[in-house]
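Each chain, written out:
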Amino acid sequence: MSHPENFAKGLSIGIIMDGNGRWAKQRGLARTAGHKRGAEVFQDITRYCNELGVESVFFYAFSTENWRRPAEEVSTIMRLFGDYLLKAFDYEKENNRVVFLGDRTALEPRYQELMDEIETRTAHNTGMTLNVAVNYGGRPEIVRAAQLLAKKVADGQLRPEEIDEAAMADMMYTCGQKDPDFILRPSGEKRLSNFMLWQAAYSELVEMDVLWPDFTRHDLDLAIEEFNRRSRRFGGI
Ligand code: FPP
């Protein structure tokens, strides 16, 4: 498909990959089959974002609440995370900078090591920033930022009145990155579900009626078109 010039160049997009379970249920399959298909879609949409010249993308892969799911489902999601993300994907070729958002200390040590290695290895890449949120929650991220700043104050490196929005933003996992222009939620739900609470202050929300495992490049085109139609005033007129 041909796009107007600057269709998606420089955009920052948050994506809540939702509907894997419902997709599987509709087909009489185990929920884990939905996650597998979802991981394939993640890979294809990442490639497409690269092709479109998107600046950064933020995928919500696993929330701090998702540990409550059955152990088998959690371990499948983690395995898929390992297979699709940490090993199979060719970040060097795509020139992506990879950043993981969330508390990785709860993950298996081998995953933590791989995540550290991928971040270090891709830190100087100049293409799109691919953010993947794993064991991530927006409130825990804000609490962590407050703790980091409180430590600086306690250590005498910062005065309380020097804490401003920029200081807070620097303590987020997304430090130095542009806030998402829009957050896309497939599967018809209209919630943020604890995703990027700090960063989403002015993000447009785009919800779509397609389940994530069915999500196509064309659906992303439609979401970007919808975003491009909206007028953004940042509280002004
Ligand atoms: C939400 O659908 C999806 C998840 C909780 C997991 C998403 C994980 C992947 C796509 C695979 C691993 C990640 C990567 C980055 C390769 P849901 O299960 O809540 O769906 P439902 O609302 O229909 O039950």
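Cut-offs applied
- Residues numbered from 1 in each chain as written.
- Predicted model: local features only at pLDDT ≥ 70, side-chain atom pairs only at ≥ 80, totals over all residues.
- Heavy atoms only, no water.
- Near = heavy atom within 4 Å.
- Polar contact = N/O pair within 3.5 Å; in protein donor to acceptor, adjacent residues only side chain to side chain.
- Areas by Shrake-Rupley, 256 points an atom, 1.4 Å probe, with all protein chains shown as cover.
- Helix = DSSP H or I, 4+ residues; strand = E, 2+ residues; numbered from the N terminus.
- Nonpolar A, V, L, I, M, F, W, Y, C, P; charged D, E, K, R; others polar.
- Salt bridge = Lys/Arg side-chain N within 4 Å of Asp/Glu carboxyl O.
- Buried < 20%, exposed > 50% of the residue type's maximum accessible area, 1.4 Å probe, protein only.
- Pairing = 2+ DSSP bridges.
- Axes fitted to C-alpha atoms, helices over the stretch in contact; angles between N-to-C directions.
- Contact = heavy atoms within 4.5 Å.

Enquirer: Lay out the site of the ligand in plain terms, naming residues and giving numbers.
Expert: Of all residues adjacent to the ligand, which total 16 residues, the nearest are Met17, Gly21, Arg22, Arg31 and Arg69. Here an oxygen atom of the ligand sits 2.9 Å away from a polar atom, N or O, in the side chain of Arg31. Summarising the interface, the protein chains cover 92% of the accessible area of the ligand, which totals 630 Å² for the free molecule. Taken together, the elements giving at least two residues each to the shell around the ligand come down to α1 (20-26), α2 (31-52) and α3 (71-87). Per-element tally for the shell around the ligand: the top contributor is α2, with five residues. Residue classes in the shell around the ligand are distributed as six nonpolar, six polar and four charged.

Enquirer: Could you give an account of the pattern of salt bridges, naming the residues involved and the relevant values?
Expert: In the structure shown here, the tally under the stated rule is 23 salt bridges. Taking the shortest distance from any N to any O, the salt bridge between Asp214 and Arg27 comes out at 3.8 Å. With Asp214 in the loop between β6 (204-207) and α8 (217-229) and Arg27 in the loop between α1 and α2, this residue pair connects regions lying 187 residues apart in the sequence. Residue Asp214 is classed as partly exposed on the basis of its relative accessible area, which comes to 30%. The class for Arg27 is partly exposed, based on a relative accessible area of 41%. With a shortest N-O distance of 3.2 Å, Glu51 and Arg217 are connected by a salt bridge.

Enquirer: Before we move on, could you go through the sheet that holds strand β2 (residues 56-63) and cite the residues and values that matter?
Expert: By definition, the strands of a sheet pair up through backbone hydrogen bonds, in either a parallel or an antiparallel sense. Strand order in the open sheet made by the six strands is β3-β4-β2-β1-β5-β6, with parallel pairing throughout. Both edges of this open sheet fall to β3 (97-101) and β6, since each of them pairs with a single strand only. Taken over all neighbouring pairs, the strand axes of this sheet differ in orientation by 20 degrees on average, direction set aside. Sheet topology places strand β5 (residues 182-185) next to β6; four bridges connect them, and they run parallel. Residue pairing across strands places Arg185 opposite Glu207, the latter belonging to β6. Contacting β1 (12-16), β5 and β6, α8 runs over the sheet at an angle of about 140 degrees to β5.

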